[in-house]
Amino acid sequence: MQQRREKGLWNGGLVPYGYKNVDKKLEIDEKDAEGVKKIFQIFLETQSLAETRRRINQLGYKTRKGNIFCKGSIDNILRNPIYIGKIEHKGKLFDGIHKAIIPEAMFLKVQSLRRIQIRPETKIKRPFLLRGLLKCQECGSVMTPSYTLKQEKKGRRYIYYYRCTKTCKHDWQSCSIKYVNANRIEEFITKKLTNISKDESTIEKLVRRINQDEEQRLSPLREKEKHLQARIDEIDCKVKKLVSFLSESDDRLFPTVKKELSGLEQEKKILEFDLEGVRLSIQKESKEKFEAKIVLENLRNFIDRLQEIKDEEKPYLFQYLIKDIIYGKDEIGVNLFYLPNFRANLPKHRQSGGTARVTAGGEPVLPSFVPSYIGLKNRSRWLHNQNRFKLSPLFYLA
Ligand SMILES: [Zn+2]
């Protein structure tokens with residue numbers, strides 16, 4: 001039997017799906033081979049055994065015995081090297097004499113995907129603190145709670161992730177960020193917020209920069225305002241001169257000077273109209289100045305409260321303080337809400353059907369929407385040594 005295999009011959013037994021037994025040799029069964037190809041294609045597309053099973057059964061394919069496919073039989077097909085023309089023997093692969101159904105590259109890709117099968121969150125009890133907040137910097141997609149089951153000697157272990165949804169909708173290669181370990185990013189964000197809540201000078205610098213940026217944004221309008229006002233003043237001055245000139249000169253000059261005066265008045269009217277418009281825009285565009293004191297209070301209240309509440313309530317508290325978190329390869333940006341009345345408006349938590357709901361006085365709480373941006377750079381450092389991580393404040397206004 002060993003010899004048969006090492007010569008690349010099929011050793012008999014159950015004929016693999018997609019082949020038929022012709023004189024003790026494997027030959028392709030065209031109809032079932034279509035099913036094999038479909039299974040590989042669907043799995044590559046969906047990266048999910050459950051979804052592959054659903055679709056292949058929907059398409060009407062049946063197993064050799066005429067049954068519908070289960071996840072186990074699909075997984076067996078996906079990892080069987082027989083489909084790339086090989087025969088396995090004692091963990092070694094030998095070239096078979098039968099024809100391949102699947103190209104080797106496709107088979108290898110499926111193997112790599114089978115190893116990192118990250119399943120979407122189902123009935124997992126674990127609260128994902130950053131649910132709905134994480135966004136992938138590379139493609140802008142939301143990063144959604146997911147988990148994978150890792151087979152270990154002691155048994156199976158859950159590993160939790162936030163996964164870029166682009167890799168769910170398209171394929172695994174469609175975004176290079178792919179996923180981030182949930183424990184690690186949650187710990188990181190919590191620690192970072194705790195640290196900066198004690199770091200007055202960093203917050204002050206950050207807020208100053210945001211306010212400066214705001215001023216800068218308005219500066220073209222302010223420039224225009226100044227320019228218009230100057231021209232109006234100039235006209236007023238000219239009018240004054242002309243009027244006094246008029247009172248001292250003789251009547252023959254009257255019509256010319258009057259014409260000039262009316263022209264100036266006309267221009268002034270237009271300028272005043274423009275000025276009014278510019279002032280309105282400034283009023284509309286300018287926001288209240290941020291105060292470092294309030295940002296610090298927000299953070300401290302958040303950290304205090306975080307320690308008091310139950311795990312399953314924590315995601316709601318995160319959503320209250322944080323607008324979003326942009327997760328990139330080299331930096332992580334956090335947009336915080338600016339909440340002048342954080343403690344007064346702090347959401348009350350109540351249990352409802354086992355899950356926490358955030359309400360204040362029965363109303364859903366929506367934080368006043370004033371984003372600021374704190375950039376946390378150098379993720380590679382974070383991965384090895386959190387203490388060496390340097391916070392560098394950036395500024396950003398949506
Ligand atoms: Zn992405």
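None of the values given here were measured: they were computed from a predicted structure.

Topic: the overall build of the protein
Piece 1. A tally of helices and strands in the protein yields 13 helices and 14 strands.
Piece 2. For the protein, buried positions account for 42% of its 398 residues.
Piece 3. Here the analysis covers contacts within the protein between residues at least 6 apart in sequence; of these, 62% occur between residues at least 24 apart.
Piece 4. For the protein, the exposed area adds up to about 23,600 Å²; of that, 50% sits on carbon and sulfur atoms.

Here's the deal with the coordination of the zinc ion
Piece 1. Protein coordination at the zinc ion comes from Cys136 (SG), Cys139 (SG), Cys164 (SG) and Cys175 (SG), with a distance range of 2.2 to 2.3 Å.
Piece 2. Coordination at the zinc ion comes from 4 donor atoms whose angles at the metal span 94 to 120°, giving a geometry best classed as tetrahedral.
Piece 3. In primary sequence terms, the donor set of the zinc ion follows C-x2-C-x24-C-x10-C. Here Cys164, found in strand S8 (residues 155-164), pairs with Cys175, found in the loop between helix H6 (166-169) and strand S9 (179-181); they are 11 residues apart in sequence, far enough to count as distant.
Piece 4. In this structure Cys164 comes out as buried when scored by relative accessible area, which is 0%.

Structural notes on the pattern of salt bridges
Piece 1. Within this structure, the stated rule accounts for 16 salt bridges.
Piece 2. A salt bridge links Arg279 to Glu225; the nearest nitrogen and oxygen atoms lie 2.9 Å apart. Here the residue Arg279 occupies a position in helix H9 (residues 254-285), and Glu225 occupies one in helix H8 (residues 200-248), the gap between them amounting to 54 residues.
Piece 3. Here the residues in one salt-bridge network are Glu45, Glu51, Arg54 and Arg55, joined through shared partners.

Looking at the environment of Thr167
Piece 1. Inspection of the secondary structure assignment puts Thr167 in helix H6.
Piece 2. Within polar-contact distance, the side chain of Thr167 engages the side chain of Arg163 at 2.8 Å.
Piece 3. Within the structure, Thr167 has its side chain in polar contact with the backbone oxygen of Cys164 (distance 2.7 Å).

Observations regarding helix H2 (residues 30-46)
Because an α-helix packs 3.6 residues into every turn, residues spaced three or four apart end up facing the same way.
Piece 1. With 17 residues, H2 ought to run about 24 Å at 1.5 Å a step, and its terminal C-alpha atoms sit 24 Å apart, in line with that.
Piece 2. When we look at burial in H2, the residues that qualify are Asp32, Ala33, Gly35, Val36, Ile39, Phe40, Ile42, Phe43, Leu44 and Thr46.
Piece 3. Following H2 by one or two positions, Gln47 has its phi on the positive side, about 55°.

A look at the nonpolar core
For soluble globular proteins, the rule of thumb is that nonpolar side chains tend to be buried together.
Piece 1. Among the nonpolar cores identified, the biggest contains 47 residues, and Ile185, Ile189, Leu193 and Ile322 are the most heavily contacted of them.
Piece 2. Among the elements that take part in this core, helix H10 (residues 292-308) stands out by supplying 8 residues, more than any other.
Piece 3. Residues contacting Ile322, with those up to four places away along its chain left out, are Leu133, Ile189, Leu193, Val334, Asn335, Leu336 and Phe337.
Piece 4. Residues Ile39, Phe69, Ile84 and Phe107 belong to the second largest nonpolar core, which totals 30 residues.

Quick word on the environment of Ser141
Piece 1. Tracing the backbone shows Ser141 in the loop between strand S6 (134-136) and strand S7 (143-152).
Piece 2. On the basis of relative accessible area, Ser141 is assigned to the buried category, the value being 15%.
Piece 3. Linking Ser141 and Arg163, residues 22 residues apart in sequence, is a C-alpha distance of 9.5 Å.
Piece 4. Excluding anything up to four places from it in sequence, Ser141 contacts Leu134, Lys135, Cys136, Cys164, Thr165 and Lys166.

Re the pairing of S7
Piece 1. Here S7 pairs with S8 via 10 bridges, running antiparallel. Note that in S8 the partner of Leu149 across the bridge is Tyr158.

Digging into the packing of aromatic side chains
Piece 1. Evaluated as defined, the whole model comprises 10 aromatic pairs.
Piece 2. Measuring from ring centre to ring centre gives 6.3 Å for Phe40 and Tyr83, while their planes differ by 70°; the resulting arrangement is edge-to-face. Taken as a pair, Phe40 in helix H2 and Tyr83 in the loop between helix H4 (71-78) and strand S3 (86-89) lie far apart in primary sequence, 43 residues in all. In this structure, Phe40 and Tyr83 share a single accessibility class: buried.

A closer look at the packing of helix H7 (residues 182-197) against H10
Piece 1. Remark: H7 packs on H10, axes separated minimally by 9 Å, with the N-to-C direction vectors making an angle of 130°. By the angle between their axes, H7 is oblique relative to H10. The handedness of the crossing between H7 and H10 comes out as left-handed. Between H7, through Thr190, Leu193, Thr194, Ile196 and Ser197, and H10, the contact on the second element is made entirely by Leu296, Leu299, Arg300, Phe302, Ile303 and Leu306.
Piece 2. Grouping the amino acids of the contact of H7 with H10 by side-chain chemistry returns 7 nonpolar, 3 polar and 1 charged.

Re the layout of surface pockets
Piece 1. Estimated volume of the largest pocket: approximately 620 Å³.
Piece 2. Leu14, Val15, Pro16, Tyr17 and Asn80 are, among the 22 residues lining the largest pocket, the residues nearest its centre.
Piece 3. Where the lining of the largest pocket is concerned, the elements lending two or more residues are H4 and S3.
Piece 4. Its residues assigned to classes, the lining of the largest pocket shows 11 nonpolar, 6 polar and 5 charged.

Conventions and cut-offs
- Residues numbered from 1 in each chain as written.
- Predicted model: local features only at pLDDT ≥ 70, side-chain atom pairs only at ≥ 80, totals over all residues.
- Heavy atoms only, no water.
- Helix = DSSP H or I, 4+ residues; strand = E, 2+ residues; numbered from the N terminus.
- Buried < 20%, exposed > 50% of the residue type's maximum accessible area, 1.4 Å probe, protein only.
- Contact = heavy atoms within 4.5 Å.
- Areas by Shrake-Rupley, 256 points an atom, 1.4 Å probe, with all protein chains shown as cover.
- Donors = N, O, S within 2.8 Å, 3.2 Å for Na, K, Ca; no water.
- Tetrahedral: all angles 85-135°; square planar, octahedral: opposite > 155°, others 65-115°.
- Salt bridge = Lys/Arg side-chain N within 4 Å of Asp/Glu carboxyl O.
- Polar contact = N/O pair within 3.5 Å; in protein donor to acceptor, adjacent residues only side chain to side chain.
- Expected span 1.5 Å × (residues − 1).
- Core = buried A, V, L, I, M, F, W, Y, C linked by side-chain atoms within 4.5 Å.
- Pairing = 2+ DSSP bridges.
- Phe/Tyr/Trp six-rings, centres within 6.5 Å; stacked < 30°, edge-to-face > 60°.
- Axes fitted to C-alpha atoms, helices over the stretch in contact; angles between N-to-C directions.
- Parallel < 35°, antiparallel > 145°, perpendicular 65-115°, else oblique.
- Left-handed = near helix turned anticlockwise from the far one by under 90°.
- Nonpolar A, V, L, I, M, F, W, Y, C, P; charged D, E, K, R; others polar.
- 1 Å grid on protein atoms, 1.4 Å probe; cavity = no way out; pocket = protein on both sides within 12 Å on 5 of 7 lines; lining within 4 Å.
- Points joined across faces, edges and corners; volume = space filled by probe spheres on them.

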